[in-house]
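Observations on the model geometry
Okay, here's what each chain looks like letter by letter:
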Protein chains: 2
Amino acid sequence: MRILIAQLNPIIGDLKGNTQLILQAIAQGRAMQADLVLFSELILTGYPPEDLVLNASFMRAVEEQLQEIIQATADIAVIIGLPRRAFLKNQRTVLFNSAAFIHDQQFLDYSDKILLPTYDVFDEKRYFQEGEKAKVWSLHGVRFAVTICEDIWQHTGVQACTYTHNPIEKLKQQAFSFVLNLSASPYSVGKFAKRVEAFANVSRFLETPIVMCNQVGGNDSLLFDGRSFLLDSQGNIRACAKAFVEDDLIIEIEPFISFSHAVIEQKEDWSSLYQALVMGTRDYFRKQGLKKACFGLSGGIDSALVACIVKEALGAEQVLALYMPSRYSSIESSRDALQLAQNLEIIFQQISIESIFESYLSLLKPIFANTKEDVTEENIQARIRATLLMAMANKFGYVVVCTGNKSELALGYSTLYGDMAGGLALLGDITKQQVYGLARWINRKKEIIPLYIIERSPSAELRDNQKDSDTLPDYSLLDSILVAYLEENRSMEWMADQFDCSKDVIQDIIKRIHANEYKRRQAPPVLRVSEKAFGVGRRHPIVQRWV
Amino acid sequence: MRILIAQLNPIIGDLKGNTQLILQAIAQGRAMQADLVLFSELILTGYPPEDLVLNASFMRAVEEQLQEIIQATADIAVIIGLPRRAFLKNQRTVLFNSAAFIHDQQFLDYSDKILLPTYDVFDEKRYFQEGEKAKVWSLHGVRFAVTICEDIWQHTGVQACTYTHNPIEKLKQQAFSFVLNLSASPYSVGKFAKRVEAFANVSRFLETPIVMCNQVGGNDSLLFDGRSFLLDSQGNIRACAKAFVEDDLIIEIEPFISFSHAVIEQKEDWSSLYQALVMGTRDYFRKQGLKKACFGLSGGIDSALVACIVKEALGAEQVLALYMPSRYSSIESSRDALQLAQNLEIIFQQISIESIFESYLSLLKPIFANTKEDVTEENIQARIRATLLMAMANKFGYVVVCTGNKSELALGYSTLYGDMAGGLALLGDITKQQVYGLARWINRKKEIIPLYIIERSPSAELRDNQKDSDTLPDYSLLDSILVAYLEENRSMEWMADQFDCSKDVIQDIIKRIHANEYKRRQAPPVLRVSEKAFGVGRRHPIVQRWV
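Residues numbered from 1 in each chain as written. Chains lettered and ligands numbered in written order. Predicted model: local features only at pLDDT ≥ 70, side-chain atom pairs only at ≥ 80, totals over all residues. Heavy atoms only, no water.

1. Overview of the overall build of chain A
Helix and strand counts for chain A come out as 18 helices and 20 strands. Taken over the C-alpha trace, chain A has a radius of gyration of 26 Å; the compact-globule value for 547 residues is 24 Å, and the two agree within 12%. Overall, the C-alpha framework of chain A stretches about 85 × 55 × 50 Å when taken along its three principal axes. Long-range contacts, defined as pairs at least 24 residues apart, comprise 73% of the intrachain contacts of chain A with a sequence gap of at least 6. (Helix = DSSP H or I, 4+ residues; strand = E, 2+ residues; numbered from the N terminus. Rg over C-alpha atoms; globule rule 2.2 N^0.38 Å. Contact = heavy atoms within 4.5 Å.)

2. Re the relation of the copies chain B and chain A
With an RMSD of 0.0 Å, the operation that places chain B on chain A is a rotation of 180° combined with a shift of 0.0 Å along the axis. When the rotation and shift are considered jointly, the pair of chain copies conforms to a two-fold rotation axis. The C-alpha atom lying nearest the rotation axis in chain B is that of B:Gln522; the distance is 2.0 Å. Take the interface residues of chain B: 99% of them recur as interface residues in chain A, which is what a same-surface contact looks like. (Least-squares fit on C-alpha atoms with pLDDT ≥ 70 in both.)

3. Brief notes about helix H8 (residues 301-314) of chain A
All names here are of chain A. Taking 1.5 Å of rise per residue, the 14 residues of H8 would be expected to cover 20 Å, and the 20 Å separating its terminal C-alpha atoms lies within 8% of that figure. Across the 14 residues of H8, 12 count as buried, placing the element largely inside the fold. Turning to H8, its buried residues are Ile301, Asp302, Ser303, Ala304, Leu305, Val306, Ala307, Cys308, Ile309, Val310, Ala313 and Leu314. Just downstream of H8, Gly315 is the residue with a positive phi angle, here 95°. (Expected span 1.5 Å × (residues − 1). Buried < 20%, exposed > 50% of the residue type's maximum accessible area, 1.4 Å probe, protein only.)

4. Some thoughts on the interface of chain B and chain A
Each partner contributes to the interface: chain B provides 90 residues, whereas chain A provides 89 residues. Together, the buried faces of chain B and chain A total about 7,800 Å²; carbon and sulfur atoms form 58% of this surface. If you sort the residues of chain B by the area they bury against chain A, B:Lys395, B:Val543 and B:Trp546 come out on top, with a joint share of 11%. In this assembly, chain B and chain A are joined by 9 salt bridges. Ionic pairing is found between B:Asp123 and A:Arg539, a salt bridge with its closest N-O pair at 3.2 Å. In this structure, the connection of chain B to chain A is made through 37 residue pairs in polar contact (both at pLDDT 80 or more). Broken down by secondary-structure element, the contributors of at least two residues to the side of chain B that touches chain A are helix H2 (56-71), strand E4 (93-103), helix H3 (124-127), helix H7 (270-286), helix H10 (354-364) and helix H11 (375-396) of chain B. Counted by class, the side of chain B that touches chain A contains 39 nonpolar, 28 polar and 23 charged residues. (Buried area = accessible area lost by both parts, 1.4 Å probe. Salt bridge = Lys/Arg side-chain N within 4 Å of Asp/Glu carboxyl O. Polar contact = N/O pair within 3.5 Å; in protein donor to acceptor, adjacent residues only side chain to side chain. Nonpolar A, V, L, I, M, F, W, Y, C, P; charged D, E, K, R; others polar.)

5. Side note on the sheet that holds strand E2 (residues 36-38) of chain A
Residue and element names in this part refer to chain A. Here we have 7 strands laid out as an open sheet, ordered E5-E4-E3-E2-E1-E14-E15, and mixed in their pairing. Edge strands, defined here as strands with exactly one partner in the open sheet, are strand E5 (106-112) and strand E15 (258-259). In this structure, strand E1 (residues 2-7) lies alongside E2, joined through 3 bridges in parallel fashion. Note that in E2 the partner of Ile5 across the bridge is Leu38. This element, helix H1 (residues 15-31), spans E1, E2, strand E3 (77-87) and strand E14 (247-252) of the sheet and lies at about 155° to E1. (Pairing = 2+ DSSP bridges. Axes fitted to C-alpha atoms, helices over the stretch in contact; angles between N-to-C directions.)

6. Section: the nonpolar core
Note that soluble globular proteins tend to have their nonpolar side chains buried in a common cluster. With 109 residues, the main nonpolar core has A:Tyr360, A:Ile384, A:Leu388, B:Tyr360, B:Ile384 and B:Leu388 as its most contacted residues. Excluding its chain neighbours within four sequence positions, the residues that come into contact with A:Leu388 are A:Leu322, A:Met324, A:Ile351, A:Ile353, A:Ile356, B:Tyr360, B:Leu363 and B:Leu364. (Core = buried A, V, L, I, M, F, W, Y, C linked by side-chain atoms within 4.5 Å.)

7. Things to note about the pairing of strand E6 (residues 135-139) of chain B
Residues and elements named next belong to chain B. Two elements, E6 and strand E7 (residues 142-148), share 5 bridges in a ladder whose sense is antiparallel. Bridging from a neighbouring strand, Lys135 pairs with Val146 of E7. Once E6 ends, the chain turns through 2 residues before running back antiparallel as E7, passing His140 with a positive phi of about 50°.

8. As for the side chain of B:Asp283
Relative to the elements of secondary structure, B:Asp283 occurs in helix H7. B:Asp283 sits in the buried class, given a relative accessible area of 3%. Here the side chain of B:Asp283 touches B:Asn9 through a polar contact of 2.9 Å, side chain to side chain. When near neighbours in sequence (up to four residues on either side) are disregarded, B:Asp283 contacts A:Val543, B:Asn9, B:Gly217 and B:Gly218.

9. Observations concerning the packing of aromatic side chains
Applying the stated criterion across every chain, the model contains 36 aromatic pairs over all chains. For the ring pair A:Trp494 and A:Phe499, a centre distance of 5.9 Å and an interplane angle of 85° mean the geometry is edge-to-face. Geometrically, the ring pair formed by B:Tyr274 and B:Trp441 is tilted, given 5.0 Å between the ring centres and 50° between the ring planes. Residue B:Tyr274 is located in helix H7, and its partner B:Trp441 is located in helix H13 (residues 432-442); the two are separated by 167 residues in the primary sequence. Accessibility expressed as a relative area gives 19% for B:Trp441, which makes it buried. Three or more aromatic residues link up through ring pairs in this structure, and these residues are A:Phe101, A:Trp137, A:Phe144 and A:Phe178. Stacked on the ring of A:Tyr452, the Lys or Arg A:Arg335 has its end atom at 5.3 Å from the ring centre. (Phe/Tyr/Trp six-rings, centres within 6.5 Å; stacked < 30°, edge-to-face > 60°. Lys NZ or Arg CZ within 6 Å of the ring centre and 35° of its normal.)

10. A few points about the environment of B:Ala393
Residues and elements named next belong to chain B. Within the element layout of this structure, Ala393 appears in helix H11. For Ala393, a relative accessible area of 9% gives the class buried. Remark: the alpha-carbon pair of Ala393 and Gly422, spanning 29 residues in sequence, is separated by 9.9 Å. Leave out the neighbours within four places in its chain, and Ala393 touches Tyr398 and Val400.

11. Notes on the environment of B:Ala56
Residues and elements named next belong to chain B. Within the fold, Ala56 resides in helix H2. We classify Ala56 as partly exposed; its relative accessible area is 38%. Taking the C-alpha atoms as reference points, Ala56 and Lys532, separated by 476 residues in sequence, lie 32 Å from one another.

12. Section: the packing of helix H15 (residues 475-487) of chain B against helix H17 (residues 503-515) of chain B
In a pair of packed helices, the angle between the axes and the distance between the axes together describe the arrangement. Residue and element names in this part refer to chain B. Taken N-terminus to C-terminus, the directions of H15 and H17 make an angle of 65°; their axes are 11 Å apart at the nearest point. Taken together, the axis directions place H15 and H17 in an arrangement best described as roughly perpendicular. Of the two elements, H15 crosses H17, and the hand of that crossing is right-handed. Taking contact as the criterion, the partners of Leu477, Leu478, Ile481, Leu482, Tyr485 and Leu486 in H15 are, on H17, Val505, Ile506, Ile509, Ile510, Ile513 and His514. When the residues that make up the contact of H15 with H17 are grouped by side-chain class, the tally is 11 nonpolar, 1 polar and no charged. (Parallel < 35°, antiparallel > 145°, perpendicular 65-115°, else oblique. Left-handed = near helix turned anticlockwise from the far one by under 90°.)

Written out as structure tokens, the structure is:
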């Protein structure tokens, strides 16, 4: 059987546009003599559609599009992910996260997702009912089992799950030639290897090949890496679609295995992290019909990295770097900001904030009489810069992107309504260590980011001789603690032992993380690249006394 | 049997502090010769504890506190809500939302919540496993059934539910004298009547009295109104604890019914809405150890209402009203702002934004050459005001509260990092119509809010002769559409028919609601007083093409 794995990048809620992508893929499948075209989970709505599925008119529109797709399946079979309604006896409506099986203009059956992830960024039990069991369908006399994303993950303990049943074990009692899986499995660093491990365990357990079609593209915070694949019954990866872009992968699976692409080596390196950020940025703009970005270029490393990513995502001519010096800005910052903008060929503009800063200081002088300079004056500078960036955005149609990183966001080392301002926090899930790693990787062939930017001590330049290290622990320790606490849920004892530091230091960091929940609640969405990003996947009270 | 209903106001995660509240209530119960002290759902952690329960050290601390509580129950019984861990065979841990039954220093049993709300603001399936069935326990030979909040709501169709089983129906087959319910049922306008209706249906169905203990107090966005009650077996309300404050309610229930309080009439009027906002504001500050609030007093109605609420919540001497006029501010605004501050005896300070505004305009003049004045210049003014408020907050320890209402937030008629700035949006779930209703109610005995503030046409005063009606539909139509669309999920056809307006007008409003998702994502938490507030209860993608 010849299968086209259609790895597509849908726009959330764009039912007509997504249907066009689907119809093109079906036509492509027909042209390539495929028997079956396999799509990803919820491809018709895009994943995650969130509360849109609770809207009856949205679900009616989904059903209408399905009819259009059914009409387009003459002489070909299609398995497509979409939400479906079912009507209970008491007139109430329930929803399932389903796969529809269509062949030669006939709708044949639905198979419903059984295990509904409801943790981290996932809220599926908010919307969907659980399916009963994975179905086995047949086409041209060949039988295959159908699963949806999480249904597979439960089996092998690659991920901590608390489901009380295991649909893969039940499949063991049935006969079929291979397993299909429709996924919307988001990217994070190291996820691909885990995904292959989870699926390989299942293919070995069931002793059949597995064909997985994953979503690709960025939807708000969530980044999908694609990399749809075919595993043989020994769990070996035999074919793999491209990462971070749409792709068509043709495979032959029964009675033998062959495929259109060579096995693509899937490295996890700085390059893939960089690609993920570029894709997420590009899709955030493109899917909203936005074109131009601006940001504050400071001469520091975070904004330098943002400049590189945004240029790659949108094109140099769409990017405005605003250098906004104050009395505290160093000559090196000015020199390096300009040099970087020249290296990248992005638009560079310099506006001094001094005159406005002076206006604030003189207006507030009588009110602030007999007080000391403190963070107040620092924040005013950051907020002037945000106001200028937003003015450029309002007047000329730019979208401001935020330059803060995860380490800053964690400890609140940033100004609310100041450097935290922007539509998207590209680096909001990137630790300071990763910022350095990416910057060095960008410079691997030639010096794009001026070397001094990478080598200088980090400083916000909001007062004389300020250094990040005045108020923050060493970034390498800080980042290790952040990963251990936020992503790995490690205990205080474990961290103190592992990082050879006092519990007081760790306790102080944890306190600062929780004390800054109120700031992060007003942060822009971040591009998620770890197993635990700030944002919808981490839900903590602002008002609390645990920490 | 004599029962003390302990209606308490816990702080999220304050395990030691909440334990103290619990121990005091047990002592109080003993003093009042109660047989049993009944607490609310998750009283030990506060509701909702969110991701804190995923932390193993947090759950260990819960278990330690439970031991302390057990020790305090000599000669008295206690039923208390808390999260509990259970350990599966495969070494994994699952959590239940439980009631613990303790008597005379002995832990007797757990009863687990069966129906786990996972909609709107509720995420219980993210954390908890479902209990199997409602338990029947006995004390001094009297048998009673135990339920937790949602377990009751499912039964009667007061609320749309999609649960596939009904724990109340199963209880029908068992014998007991009354039903206990531990609740954390949040306030919204009209909710009390619905709550009584839901519980009354159950008491009539089971033909027994019901005793319900509800949480009280504000936790971030969620407001709990208390009003714990006793219903007799005909569904009549026989005793009711106070609204919006802690209360002890002693009832005798078996073999006869009597109670300590007279039945307190529970009106749903402007007074209760006002009390809810005051409680939410007060708890947001008090539970964080914050004391002082500041905000921009504009001479308009929204900031006037905020002034009244914040004064009531924190005391006049803790409240700073900053009047920040520009060239566009009217004489009436100045006059009325000052008059209101005098009426309320709050601190009043005037700072003109003109000099700073001038600095921005002259700095940007060359860059904005050949462009027209537009929303850019309006936003600069709003952002200067936010920067000044935040400077006062940073320098003197105020917390900025936001003055925007739900109607503005819905349509994005507000400036991000400008008038949207603040730690808490008191009025973020209050429509403009409700703002007027509350203002008139405040003036019911004497003119606290200067009449002209209520009677003038609303204006942001960000350009000459600006009126809200220049860019917004009439507020009464707008608010009706907001309620119908956001809270009631009405169709376009229904709204066009009901409000006698064109579909184009409605479509435009709906488009603006969705187009401003990006702004609201960065809004402060709102105090939730409707069935659908902006914030965690409404989850919509920013990047989407459905609307």
